[in-house]
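Here are the chains, one letter per residue:
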Amino acid sequence: MRIIIIGSVAAGTSVAAKARRNNLDAEIVIYEKDQDISYSACGLPYYIGEDYIERGQLSPRDPLWFKKRFAIDIFTGHEVLSLDVKEQTLQVENLQTGAVFSDEYDVLVLATGANAVSPPIEGKDADHVFYLRNIVSADKIKTYIQDKKPKTAVVVGSGFIGLEVAENLSRKGMNVTVVEALPKVMPSYDDEMSIRIKQELQEHQVQVFTDERVQVIDALTKTVRTDRGRILPADLVVLSVGVKPAVELAQKAGIKLGVTGAIAVDARMETSIAGIYAVGDCAESYLLIDGTPCYRPMGSTANKMGRIAGDVITGGDLTFRGVLGTGIVQVFDLSCGQTGYTETAAKKASYDVEVIHNIKPNQTEYFAGSSELIIKAVADRKTQKLLGVQIIGKKGVDKRLDVFVTAITFGAKVGDLAHLDLAYAPPFATTKDPVIYTGMILD
Ligand code: FAD
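Residues numbered from 1 in each chain as written. Predicted model: local features only at pLDDT ≥ 70, side-chain atom pairs only at ≥ 80, totals over all residues. Heavy atoms only, no water.

1. Here we look at the confidence of the model for the protein
Residue-level pLDDT values for the protein average 97, and 100% of them are 70 or greater. Two numbers describe this predicted complex: its pTM, 0.97, and its ipTM, 0.99. (pLDDT = per-residue confidence, 0-100.)

2. Some words on the pairing of strand β7 (residues 107–110)
Here β7 shows two buried faces, one formed by Val 107 and Val 109 and the other by Leu 108 and Leu 110. Of the strand pairs in this sheet, strand β1 (residues 2–6) and β7 are connected by four bridges, and their pairing is parallel. When the sheet's bridge partners are listed, Ile 4 is paired in β7 with Leu 108. Direction of pairing for β7 relative to strand β18 (residues 276–278): parallel, over a ladder of three bridges. Paired with Val 109 across the strands is Tyr 277, a residue of β18. (Buried < 20%, exposed > 50% of the residue type's maximum accessible area, 1.4 Å probe, protein only. Helix = DSSP H or I, 4+ residues; strand = E, 2+ residues; numbered from the N terminus. Pairing = 2+ DSSP bridges.)

3. Quick notes on the site of the ligand
Surveying the vicinity of the ligand reveals 31 residues, the closest of which are Ala 11, Glu 32, Arg 133, Asp 281 and Met 298. One of the backbone N or O atoms of Ala 10 is found 3.1 Å from an oxygen atom in the ligand. Here Lys 33 contributes a backbone N or O atom positioned 3.1 Å from a nitrogen atom of the ligand. Coverage of the ligand by the protein amounts to 91% of the 1000 Å² it exposes when considered alone. Counting residues per element, the ones that place at least two in the shell around the ligand are α1 (10–22), β2 (27–32), β4 (78–84), α6 (160–171) and α9 (299–312). Partitioned by chemical class, the residues of the shell around the ligand number 18 nonpolar, seven polar and six charged. (Near = heavy atom within 4 Å. Polar contact = N/O pair within 3.5 Å; in protein donor to acceptor, adjacent residues only side chain to side chain. Areas by Shrake-Rupley, 256 points an atom, 1.4 Å probe, with all protein chains shown as cover. Nonpolar A, V, L, I, M, F, W, Y, C, P; charged D, E, K, R; others polar.)

4. Focus on the side chain of Arg 400
With respect to the secondary-structure elements, Arg 400 resides in helix α11 (residues 397–409). From its side chain, Arg 400 meets the backbone oxygen of Gly 396 in a polar contact 3.2 Å long. Of note is the side chain of Arg 400, whose polar atom sits 2.7 Å from the side chain of Asp 433. In this structure, Arg 400 is in contact with Asn 362, Leu 373, Ile 391, Phe 428, Ala 429, Asp 433, Pro 434 and Val 435, ignoring residues within four places of it in sequence. (Contact = heavy atoms within 4.5 Å.)

5. Overview of the pattern of salt bridges
Across all of its chains, the model carries 20 salt bridges by this definition. A salt bridge links Arg 2 to Glu 27; its shortest N-O distance comes to 2.5 Å. With Arg 2 in strand β1 and Glu 27 in strand β2, the pair connects residues that are 25 residues apart, well separated along the chain. Residue class for Glu 27 comes out partly exposed when judged on its relative accessible area of 43%. Where Asp 51 meets Lys 172, a salt bridge forms, and the shortest distance between an N and an O atom there is 2.7 Å. Here Asp 51, found in the loop between α2 (44–49) and α3 (55–58), pairs with Lys 172, found in the loop between α6 and β11 (175–179); they are 121 residues apart in sequence, far enough to count as distant. (Salt bridge = Lys/Arg side-chain N within 4 Å of Asp/Glu carboxyl O.)

6. What about the sheet that holds strand β16 (residues 236–239)?
Read from one edge of the open sheet, five strands run β9-β16-β10-β11-β12, paired in parallel fashion. This sheet does not close on itself; its edge strands, each paired only once, are β9 (129–130) and β12 (207–209). With three bridges connecting them, β11 and β12 associate as parallel partners. Opposite Thr 177, over in β12, you have Gln 207 as the bridge partner.

7. Quick word on the pairing of β4
As judged from the six bridges shared by β4 and strand β5 (residues 89–94), these two strands associate in the antiparallel manner. Each residue of the ladder has a partner; that of Leu 83, found in β5, is Leu 90. In textbook terms, the turn of a hairpin is the stretch between consecutive antiparallel strands, and for β4 and β5 this stretch comprises four residues, one of which, Gln 88, has a positive phi near 55°.

8. So, the sheet that holds β18
Read across the sheet, five strands follow the order β3-β2-β1-β7-β18 without closing on themselves; strand pairing throughout is parallel. If you trace the sheet from one side to the other, it starts and ends with β3 (73–76) and β18, each paired once. Here the average twist between neighbouring strands, direction ignored, is 15°. Of the pairings in the sheet, the one linking β1 to β2 comprises five bridges and is parallel in character. Note that in β2 the partner of Ile 4 across the bridge is Val 29. (Axes fitted to C-alpha atoms, helices over the stretch in contact; angles between N-to-C directions.)

Right, here's the structure in full:
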């Protein structure tokens with residue numbers, strides 16, 4: 001059996017590793033158009049901001065490692081140009097030599113990821129304007145900072161990547177401004193939670209303008225102009241307005257896309273064409289709460305999808321159970337976590353929503369370092385089942401978030417939370433943990 005995988009970051013390499021563990025005989029080949037493989041894109045904002053993080057730590061494995069460890073052939077600098085799904089062949093270009101050749105597969109896996117969205121801004125192609133998507137793009141920003149020593153920066157977009165970039169540029173000593181077209185920062189959070197995040201940015205001297213669009217980037221004056229006529233200094237600009245799934249190859253080959261625009265897959269990660277699978281940021285997902293299709297391009301999901309596809313294509317019976325869109329982000333001293341539905345999204349999905357707000361200390365108050373956790377839980381009034389949670393605080397957000405994730409995954413009702421036997425000692429929690437308090441409100 002010859003398995004060909006396109007793309008070699010989180011999803012593609014997970015497919016390959018699992019397939020090899022299941023099947024020692026299959027030929028496994030990966031084509032990757034870039035040079036870096038299997039790297040941590042999630043670490044890129046910190047690679048820019050922190051001098052102690054080295055490039056090699058983000059990308060510790062090379063094709064030789066995969067060859068020796070897993071007998072997997074990874075061809076970097078090789079772009080797959082087209083697929084012939086009837087003949088089960090693909091056209092590949094060696095980007096170094098320009099040579100184009102054909103290869104054939106028994107099973108094909110698309111792990112082509114996502115591309116940064118390019119917003120309609122005049123002057124966005126200037127040398128001091130960057131995206132952050134892969135290691136090469138991070139290198140460009142890092143080198144620019146070292147060479148040009150920018151004093152001011154504008155980050156366009158305030159999703160989690162935009163905010164991580166803003167913080168890291170600010171740590172580098174720049175005066176940073178975040179400009180967000182929507183009315184709030186971290187638009188995936190409900191309004192009252194988002195306000196706390198905005199406050200944290202402002203307390204750390206990051207200027208924030210919401211409901212405002214950058215229209216022009218002026219390379220001569222090193223400024224940007226917004227649609228409100230505001231002129232902001234910008235020695236450096238980072239565009240971070242989201243990603244879109246890389247689906248061109250699939251689309252041209254007649255593989256169906258889902259309602260979100262990502263490649264439609266079933267629970268086995270198989271596309272509309274038998275024998276062709278799609279995983280990671282190029283693939284559509286669905287909410288495990290109610291099966292609603294969604295697009296949540298996360299590294300955590302890419303790894304999971306990859307493992308499942310790797311199992312399926314080698315005869316296993318793993319299936320993908322969907323996502324909650326769980327995410328966590330550090331914004332200066334705050335940790336902000338989110339899983340499942342927000343109040344806004346749940347109402348949009350026609351749930352009769354019950355909202356539970358809860359502000360509690362993360363650990364016993366007499367213990368040094370205790371601080372507040374702001375928890376917002378959303379439940380379905382009819383079934384009392386938890387639909388989603390947002391948490392903001394300085395310490396202990398990750399632990400609570402993952403408890404909520406587990407509870408939602410297993411269909412818990414809000415009242416069930418009050419009965420969890422959670423860990424307690426003064427440095428870690430309160431006798432009744434904030435999660436338990438959330439449950440007590442509806443128990
Ligand atoms: P990608 O990483 O996009 O890899 C796809 C690969 O396919 C690319 O290398 C591309 O060159 C290659 N390719 C595409 N088309 C072709 C072709 N035709 N021929 C050959 N090769 C091709 N996720 C989290 O869960 N937590 C985080 O904290 C987090 N932080 C992030 C921070 C940043 C700055 C970024 C950019 C992302 C972050 N993510 C995070 C998201 C996470 O990195 C992605 O979800 C993950 O990288 C997706 O992996 P993938 O393999 O599906 O796609």
